[in-house]
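Breakdown of the fold
Residues per chain, in single letters:
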Amino acid sequence: MSTQVQLSAILNVMIDVAREAAALVLPLFHDGCASQTKADGSIVTLADTQGEALITARLAAAFPKVAMLGEESDAAGVCPDLSGPYFCVDPIDGTKQFAAGDPHWVIAIAYLEDGRPLAGVIMAPALDGRLFAGLADYGGFEQRRDGVRLPFPLGGKAGKTWRVLRGGHDTP
């Protein structure tokens, strides 16, 4: 299991990568981009595929021994070995909203070990670049554009994992 110092370093890279992905996909949101229907009936846009490619490439360069599970690559049948640590990437969580011009979509990146989420970043580029991040058992924060981190404490009992939950999917 990674230490808090190691997880903090991983989280900082995840934040940088989320910001870089936002710079890539936000113009596609403003300009509009075509979407296609996947085999499962959901849609995928150019922002999904380009965003995932950028995020996974940057994370793989920084952490070459960590597996990548991406929504679009998973839908294409790419199944990485998840027995060790891995990143879970959804480059556009809320693709329907994205494609419809609704700003309520996020870039989501998580780091897991033994199937347990230990670090996470949620960024809403179309909502003034709001970014939330956190470490399991240590709490989370909102990071403003100027870099200032506004912490928020763990809810409930100490030791609970910080989570951001969002609806909109047919499955949990």
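Everything in this summary refers to the structure shown in the same document. (Residues numbered from 1 in each chain as written. Predicted model: local features only at pLDDT ≥ 70, side-chain atom pairs only at ≥ 80, totals over all residues. Heavy atoms only, no water.)

1. Points about the sheet that holds strand β4 (residues 86–93)
- Taken in spatial order, the seven strands make up an open sheet running β3-β4-β5-β6-β7-β8-β9, and their pairing is mixed. If you trace the sheet from one side to the other, it starts and ends with β3 (67–70) and β9 (149–152), each paired once. The sheet shows a mean angle of 20° between the axes of neighbouring strands, direction not considered.
- In this sheet, strand β8 (residues 139–143) lies alongside strand β7 (residues 130–135) in antiparallel orientation, the contact comprising four bridges. Counterpart to L135 in the pairing with β8 is G139.
- Along the sheet, helix α2 (residues 46–62) contacts β3, β4 and β5 (106–113); its crossing angle with β4, the most-contacted strand, is approximately 155°. (Pairing = 2+ DSSP bridges. Helix = DSSP H or I, 4+ residues; strand = E, 2+ residues; numbered from the N terminus. Axes fitted to C-alpha atoms, helices over the stretch in contact; angles between N-to-C directions. Contact = heavy atoms within 4.5 Å.)

2. Here we look at the packing of aromatic side chains
- Inspection of every chain in the model, using the stated rule, returns five aromatic pairs.
- The interplanar angle of 55° and the centroid separation of 5.5 Å between the aromatic rings of F29 and W105 together place this pair among those described as tilted. Of this pair, F29 sits in helix α1 (residues 4–31) while W105 sits in the loop between α4 (95–100) and β5; the two residues are 76 residues apart in sequence, bridging distant segments of the chain.
- Accessibility expressed as a relative area gives 11% for F29, which makes it buried.
- The exposure class of W105 is buried, given its relative accessible area of 0%.
- An angle of 45° between the planes, with centres 5.6 Å apart, marks the rings of F63 and F87 as tilted. Placement of the pair is F63 in the loop between α2 and β3 and F87 in strand β4, with a sequence separation of 24 residues. A single burial state applies to F63 and to F87, both of which are buried.
- Among the aromatic residues, those joined into a cluster by ring pairs are F29, F98 and W105. (Phe/Tyr/Trp six-rings, centres within 6.5 Å; stacked < 30°, edge-to-face > 60°. Buried < 20%, exposed > 50% of the residue type's maximum accessible area, 1.4 Å probe, protein only.)

3. Structural notes on α1
- Taking 1.5 Å of rise per residue, the 28 residues of α1 would be expected to cover 40 Å, and the 40 Å separating its terminal C-alpha atoms lies within 8% of that figure.
- Along its length, α1 shows its largest kink, about 30°, at L24, and proline P27 lies within four residues downstream of that point.
- Once α1 ends, the next one or two residues include G32, with phi positive near 85°. (Expected span 1.5 Å × (residues − 1). Bend = angle between axes of the 7 residues up to and from the residue.)

4. Thoughts on the pattern of salt bridges
- Applying the stated criterion across every chain, the model contains five salt bridges.
- The partner of E20 in a salt bridge is R58, with the nearest N and O atoms 2.7 Å apart. With E20 in helix α1 and R58 in helix α2, this residue pair connects regions lying 38 residues apart in the sequence.
- The class for E20 is partly exposed, based on a relative accessible area of 32%. (Salt bridge = Lys/Arg side-chain N within 4 Å of Asp/Glu carboxyl O.)

5. Quick notes on the pairing of β3
- Along β3, one buried face is formed by A67 and L69 and the opposite face, lined by M68 and G70, is buried too.
- Across four bridges, β3 lies against β4 in parallel orientation. Its bridge partner being in β4, M68 is matched across the sheet by F87.

6. Here's the deal with the pairing of β9
- Bridge analysis of β8 against β9 gives four bridges, and the strand direction is antiparallel. In the sheet register, Q143 faces β9, and the bridge partner there is R149.
- Connecting β8 to the next strand, β9, in antiparallel fashion are five residues, including G147 with a positive phi near 95°.

7. Considering the nonpolar core
- Of all hydrophobic cores here, the largest spans 38 residues; its most connected members are M14, I55, L59, F87, I107, I109 and Y111.
- Elements with a minimum of two residues in this core: α1, α2, β4, β5, β6 (116–124) and β7.
- Per element, the largest residue contribution to this core is 13 residues, and it comes from α1.
- When residues no more than four places from it in sequence are discounted, the contact partners of L59 are V13, M14, V17, M68, F87, V89 and I109. (Core = buried A, V, L, I, M, F, W, Y, C linked by side-chain atoms within 4.5 Å.)

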